[in-house]
Amino acid sequence: LKLYPWFTGVLHAYFWLPIYFLFFNSMLPLEEVFLLQSLYFISVVTMEVPSGWFSDRLGRKMTLVIASVFLTTSYFLFVCSTTFMTFAIAQFLLAAGIAFNSGTDTSFLFESCEASGKQDEYAQREALAIRYGFLGTAAGSMIGGLISILDYRGTYAISALAGIMLIAISLSFTEPIQTKDKTKQVSFHKQVAACVHLLQDVKLLWLFGFAVFLLIINHIPYEFYQPYIETLCTSFDAPKSAPIWTSIHLTMTMLIASWVAGRSIKFR
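One structure accompanies this document, and this report is about it. (Residues numbered from 1 in each chain as written. Predicted model: local features only at pLDDT ≥ 70, side-chain atom pairs only at ≥ 80, totals over all residues. Heavy atoms only, no water.)

### With respect to the nonpolar core
Rule in force here: What we call a nonpolar core is a set of buried Ala, Val, Leu, Ile, Met, Phe, Trp, Tyr and Cys residues that are connected through their side-chain atoms within 4.5 Å. Remark: exposure states derive from per-residue accessible area (1.4 Å probe, protein chains only) relative to the maximum for the residue type, with buried under 20%, exposed over 50%, and partly exposed in between. Think of it this way: any DSSP run of H or I at least four residues long counts as a helix, any run of E at least two long counts as a strand, and we number them from the N terminus. Two residues form a contact once any of their heavy atoms are found within 4.5 Å.
Ranked by internal contacts, the top residues of the largest apolar core, which has 51 residues, are Phe7, Trp16, Tyr20, Phe24, Tyr75 and Tyr156. The dominant element in this core, judged by the number of residues it contributes, is helix H5 (residues 84-101), at 7 residues. With near-sequence residues (within four places) excluded, Tyr75 lies in contact with Tyr14, Trp16, Leu94, Tyr156, Ser159 and Ala160.

Following this line, the structure appears as structure tokens:
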């Protein structure tokens, strides 16, 4: 429980986030950049449910370790990538890391609180962890922006080092005690059917639709604002300053988000 906020902080120290589009576009044609992004999102969606089933069957700690290995491997591959195919493999591994972590991290925290008799602290601890995650992104954005002035690949190199830290933290976790009897768990297909059945609840269906909509409108700006800022900087004869401005933009966003996240339970 003490390590968990640091885990989320390191996990979300996406040094590459403010420059990844600029990096891809400096290596590949624009249409291939969008193909890479499509591959990433298709892979995340495809692996989201199987990774959750994997987490239920083999444990939270093991799944978080595997997610950390996927992320670290993808970062190393990005450093070495020169062709569309190698970039595509790196994107797939990045998506796998995100999918295997998604949901498992919150389940890990909830079950750890439950096993420690601290169920009432879960919401505040999750809010604190999300705050650390936003702060990690804010710090990573500024550091990544400065590094990318010299070389875009440097942001992925430092991300790989953070990934090694993430693996170490994951390995140091203690698997929470499962309250469910694994022998009574239903099959993968029945779990999927049960999830779909839950959407008959109108409130849950509305929240699901809202969450999907929010994810889409959150991600679309990240696909376009980086080249837009680069074009703007070029018009002022300062194209090399684009990574700094994209980093400042993302850092300001994340600092506001971290302030809200830390107080979200009070706002609720």
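Next comes the rest of the write-up.
### Concerning the packing of aromatic side chains
Rule in force here: Note on aromatic pairs: the rings of Phe, Tyr and Trp (six-membered ring only in Trp) are paired at centre separations within 6.5 Å, and the planes decide the class, stacked below 30 degrees, edge-to-face beyond 60, tilted for the rest.
Per the counting criterion, the structure on display carries 26 aromatic pairs. Seen in terms of ring centroids, Trp16 and Tyr20 are 5.9 Å apart; in terms of plane orientation they differ by 80°. Their pairing is edge-to-face. Judged by its relative accessible area of 9%, Trp16 is buried. Ring centres of Tyr40 and Phe41 lie 5.1 Å apart, and the angle between their planes is 75°; on these two criteria the pair is classed as edge-to-face. Three or more aromatic residues link up through ring pairs in this structure, and these residues are Tyr14, Trp16, Tyr20, Phe23, Phe24, Tyr75, Phe78, Phe87, Tyr152 and Tyr156.

### So, the side chain of Ser170
To keep it simple, the criterion reads: Counted as a polar contact is a pair of N or O atoms within 3.5 Å, where, for protein atoms, one must be capable of donating a hydrogen and the other of accepting one, and residues adjacent in sequence contribute only when both atoms are in side chains.
By the element assignment, Ser170 lies in helix H8 (residues 153-172). Exposure remark for Ser170: the relative accessible area of 0% places this residue in the buried category. Reaching out from Ser170, the side chain makes a polar contact with the side chain of Ser68 at a distance of 3.0 Å. Setting aside residues no more than four positions away along its own chain, Ser170 makes contact with Phe7, Lys61, Leu64, Val65 and Ser68.

### Things to note about the pattern of salt bridges
Side chains that differ in charge, positive against negative, can pair when their charged atoms come close. Condition: We define a salt bridge as a side-chain nitrogen of Lys or Arg found within 4 Å of a carboxyl oxygen belonging to Asp or Glu.
As enumerated under the stated definition, the model contains 3 salt bridges in all. Between Arg60 and Asp56 there is a salt bridge, and its shortest N-O distance comes to 2.9 Å. Here Arg60 falls in the buried class, since its relative accessible area comes to 5%. One salt bridge in this structure joins Glu121 and Arg125, with 2.9 Å as the shortest N-O distance. One connected set of salt bridges, linked through shared partners, spans Asp56, Arg60 and Glu111.

### So, H8
What counts here: For a helix, the expected span equals 1.5 Å multiplied by the residue count minus one.
Between its first and last C-alpha, H8 extends 29 Å over 20 residues, near the 28 Å set by a 1.5 Å rise per residue. Every buried residue of H8 is accounted for by Arg153, Gly154, Thr155, Tyr156, Ser159, Ala160, Ala162, Gly163, Leu166, Ile167, Ile169 and Ser170. Where H8 is buried, its residues touch helix H1 (4-11), helix H2 (20-27), helix H4 (60-80) and helix H7 (122-148).

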